[in-house]
Amino acid sequence: VVSTQSTGSSGINAEYGKQWYQRRVRGARQAPHFLETRNMFRLCIFAVCFLLAAASEYHYGLINFPSVLYVKPGDDFELPCKSDHGGAVRIFLPDESVPSHEDLIEHSKRLLEESQRTIFVMEIEEASQSGVYTCAVNHGPGIAEVYSLASCRVIVMDLCEEFECDLQLGETCTADYSTGAAVCGCQFECDRVFDPICSDTCELNWNECSMKELSCEDKIPREIMSKGFCPAIVAPTVRHLNTDGSMDIVVEVGEFVSLTAGLVVDGTPLATIEWKFFPADGGDAQEILNVRETYEFTTSASASGVYEAKIVHCKKAELAVINRYSVTVEEVEPTSYVDPEPDNIVFPTDDYPGGYPVCSVFPGGVVEAFNAGAASYNMACSHVLASDVFSGGDYSNPWFIYGTFDEIDGRKGALSAMIFYLGASAFEVQRGWIVNPGDGGEKLVLEEGVSQVIGESGCSVVFENLHLAVDCPAFMAYYDGIMAGHIKIKGPENTFAPLVKGRGNFGLCFDNNSGFRVNWQVGQTDGRCKIANDAPACTEVDATCGDYYKDPLGSTVAEWPWGVTGQGATVSCNELNCGDDSPTDSEKCALSQAHQVAAELKNKGEADIAMAGRSACSFDQCEWAEEVISRGCPQKNPPIPKLCV
C-alpha cells in the first residue's frame, strides 16, 4: 500500500510536477500496491511550516535520499526524498521504469519557476518485498545541474530470524533497523518477590528469574540445586596422580584398563566429573559419556592417546582438578592359535580340512572355541566372547561381542544376552527374544521371517526358526533366546580354513590364556558378579552324552566327529549330568538345538533349525516359544512363530 506527501513546490512548478507524476501514477494504480494520492494541499501546509522552522538548520543539497533502509516484514515505513533546489520531485517504485536522460531534461525545461527547498515522502504500509526505489529531482531554472537521481535499497527482512542467541542462557535478540544490526542481550524483568533458591554453582539467588538473569549476564549455565537457602558446602577430597597430574601407561592390544578420576571423597553437593579422550593420531577430542569415578575399557590399536578426567565442584572452573593418563597401546605380532586342551584333538586334519570358523556357547557355561575344542568356565555378569580390533585391516572400526551370564533354574553359566559393539554403534539381544537397538529408542518389534536393520551398526536381525539371527559385515550370530548362542566369522564364500588368531583377536572364543581379568570377565567383579575360578570342571563322562559325538547332519564318517560337530555339545552334556545333577527340560531342549545349529554353521555356513534338531525337547515349538518368552523381560509385542498364531 503506497501513498505520497509532497511539500515545498508551488505555483506552476508544483502543478506541473503534480500532473506529470499523477499521469505516471494512473497507469500504475492498477497494481495492487497502489491505493491513492493523499490530500496534497493539507500536507503542504504542514511541511511548509516545518521547513520554515528548520530552514536555517538543515541543508539537503541537490538531493538527499537514504541509500539503504532496513524494514521489518509487515511494518509501515516512510521514504523521504529531500532537496534544497527542487522544482519537481518524484519517487519511482522498484517495478517502475525511471525516465531516460532525455525525458528528464525535457521535464526540467518545462519548469518555469525557480526551485526551492522540497520534501517528497512516500509511505509504504505492511512492507513485504525488498527492492530499489529511485528518487528523481528536476531542479529548474538557475541550477547548473538540470536534474539529480538517487537510489535507496529497501531491505525487508527480520534481522533476528537467522541471528543465533543462546536460548539456554536466556538471551534474546534485539534488532536495530536504523543500522541493520542485531544483538543478543539479556532482557529480563524479574519481580522482587523473595523466593530463594540454591543454584548448582552453590550460590544463593533471590528467585529463579534472578538466577537465569545472572546466567545470561556471566554466561555460566545454572540449574536449581535446591529450593531455599544453600546447604553447608563441603569441598570434595581429590587425589592428584602425580605432581603434574599425569601418568603414563603402556599396554598391549586386548588388555583391560581401569582409569580412576582421582575422586577420594565426594563433596556436598556432588562434584561433576568430565572425561575426554584425545587420540594419539591427532583426531578430534571425544567426550566419554556415562562415566564418573572410573573408566574401564579393553584396549584396541586406536585406544592410544590421552584420557583426561576433570573434577569440578560447584562449577568453579578455576578450582578444577585435572588428571591425565597417557595410554600407549603396543602392537604385538600375530600368533597362531593353539589350545592346550584337549591334547588328543588335531584339527584340522588332512582328510577333513576344517569348517567355517564357529564359536558356540552351550548350556552350563561351556564355550566351544573356533578350533572346535571346548571348556567349561565359571562365569557371571559380562565376559568377552570374541573381538577383532583390526577388522578387515581397519584400525578405526573394531568390533567386540560380549556375553552376559546368569543363573537359570539354579545353574550358573546361562547366556542371558549378547552385546555387540561395532565402531561407535552398539546393540543387544536379550533373553526372551528381545532386541534393544542401543540408541535409547524402543525395542524392536519382531515378526517371524522379517529382517530389520539395527540403527547405524550395519547389521540386521531376523527372528526365524526359534532364534534371533544377527547378520553383520564381519560375522553372524545366533541366539536361542534363553541360554545358548553362536558366532560365525565371515570369510570367502565356501572357504573351509582354520581360523588363525591375529593380534587383534581376543576373548573366550579364541583362548583363555590372556586377559587382564579371569575368564575374560569385564566390568563389575564383586557381589553377584564374583566368580569362583577354582571350581573344577566335571571330569566324569556320562554315558547318555555319547549321542553328541554323532553328526546331527547324518554323516557316517566316524573319524570326523570333532571336525563336524566340535566338543561343545558333549562337554555341555557332561556338565549338565555331572554327579547327582540332571538337566532341566529347558536345558535339554537348548542343548539339542545348539548341537544342530553349531554343526550346520560349521558345515553349511548358515543354520536351518528343523524339528529334527529338537529331538531332545519335551516342548513342541509353540510351547517352547512360551517358555522362552516367559523367561525374559515383559514386552508388549513378543515374537511368536506363525504356526502358533
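Residues numbered from 1 in each chain as written. Predicted model: local features only at pLDDT ≥ 70, side-chain atom pairs only at ≥ 80, totals over all residues. Heavy atoms only, no water.

S.K.: How would you summarise the pattern of salt bridges if you had to cite specific residues and measurements?
M.R.: Within the structure shown, the criterion is met by 17 salt bridges. Between Glu208 and Lys212 there is a salt bridge, with its nearest N and O atoms 3.5 Å apart. Of the two residues, Glu208 and Lys212 are both situated in helix α4 (residues 208–218); the distance of four residues between them amounts to about one turn of the helix. Using a relative accessible area of 33% as the deciding quantity, one classes Glu208 as partly exposed. Among the salt bridges present, the one from Glu293 reaches Arg292, with a minimum N-O distance of 3.0 Å. Through salt bridges with shared partners, one network takes in Glu203, Asp218 and Arg222. (Salt bridge = Lys/Arg side-chain N within 4 Å of Asp/Glu carboxyl O. Helix = DSSP H or I, 4+ residues; strand = E, 2+ residues; numbered from the N terminus. Buried < 20%, exposed > 50% of the residue type's maximum accessible area, 1.4 Å probe, protein only.)

S.K.: If you had to explain the packing of aromatic side chains to someone new, which residues and values would you point to?
M.R.: If you walk through the whole model with that rule in mind, you get 16 aromatic pairs. Taken together, a centroid distance of 6.0 Å and an interplanar angle of 50° make the contact between Trp275 and Tyr295 tilted. One end of the pair, Trp275, is in strand β17 (residues 272–279); the other, Tyr295, is in strand β19 (residues 294–298), and 20 residues separate them in sequence. By the burial criterion, Trp275 is buried, and Tyr295 matches it. (Phe/Tyr/Trp six-rings, centres within 6.5 Å; stacked < 30°, edge-to-face > 60°.)

S.K.: So what's going on with the pairing of strand β27 (residues 411–422)? Which residues, and what values?
M.R.: Regular strands show a simple pattern: their side chains alternate between the two faces of the sheet. With 10 of 12 residues buried, β27 lies mostly within the body of the structure. Sheet analysis places strand β26 (residues 399–408) next to β27, joined by nine bridges and oriented antiparallel. Of the residues in β27, the one forming a bridge with Thr404 is Ala417. Once β26 ends, the chain turns through two residues before running back antiparallel as β27, passing Asp409 with a positive phi of about 55°. (Pairing = 2+ DSSP bridges.)

S.K.: Break down the nonpolar core for me, citing the residues and quoting the values.
M.R.: Where a protein is soluble and globular, its nonpolar side chains tend to be buried together. In terms of nonpolar packing, the biggest core is built from 84 residues, with Trp275, Tyr307 and Phe420 touching the most fellow members. Here Phe420 is in contact with Phe400, Ile401, Ser425, Ala426, Phe427, Val429, Val470, Phe475 and Ala477, once residues within four sequence places are set aside. If you look at the next biggest cluster of nonpolar residues, it comprises 19 residues, including Val71, Leu93, Phe120 and Tyr133. (Core = buried A, V, L, I, M, F, W, Y, C linked by side-chain atoms within 4.5 Å. Contact = heavy atoms within 4.5 Å.)

S.K.: Outline the packing of helix α7 (residues 585–604) against helix α8 (residues 621–631), listing residues and values.
M.R.: Between α7 and α8, the least distance of the axes is 12 Å, while the angle of their chain directions is 110°. Considering their axes alone, α7 and α8 lie roughly perpendicular with respect to each other. The residues of α8 that touch α7, namely those facing Ser586, Cys589, Ala590 and Gln593, are Trp624, Glu627 and Arg631. Considering only residue class, the contact of α7 with α8 consists of three nonpolar, two polar and two charged. (Axes fitted to C-alpha atoms, helices over the stretch in contact; angles between N-to-C directions. Parallel < 35°, antiparallel > 145°, perpendicular 65-115°, else oblique. Nonpolar A, V, L, I, M, F, W, Y, C, P; charged D, E, K, R; others polar.)

S.K.: Can you lay out the state of the cysteines for me, pointing to particular residues and giving the numbers?
M.R.: Formally, a disulfide is one covalent bond, and it connects the sulfur atom of one cysteine to the sulfur atom of another. A complete count under the given rule lists 12 disulfides for this structure. Here Cys186 is linked by a disulfide to Cys216, with a sulfur-sulfur distance of 2.0 Å. Linking Cys186 and Cys216, the disulfide has an S-S dihedral of approximately -95° and is accordingly described as left-handed. One end of the pair, Cys186, is in the loop between β9 (181–185) and β10 (197–199); the other, Cys216, is in helix α4, and 30 residues separate them in sequence. (Disulfide = S-S within 2.5 Å.)

S.K.: How would you explain the sheet that holds β10 if you had to name every residue and give the values?
M.R.: Two modes of strand pairing occur in sheets, parallel and antiparallel, and in both the strands are linked by backbone hydrogen bonds. Reading across the sheet, the three strands line up as β11-β10-β12 and stay open at both edges, with antiparallel pairing between neighbours. With partners counted over all chains shown, the strands left at the sheet margins are β11 (204–205) and β12 (224–227), one partner each. Relative to β12, β10 runs antiparallel, the two sharing three bridges. Bridging across to β12, Cys198 finds its partner in Ser226.

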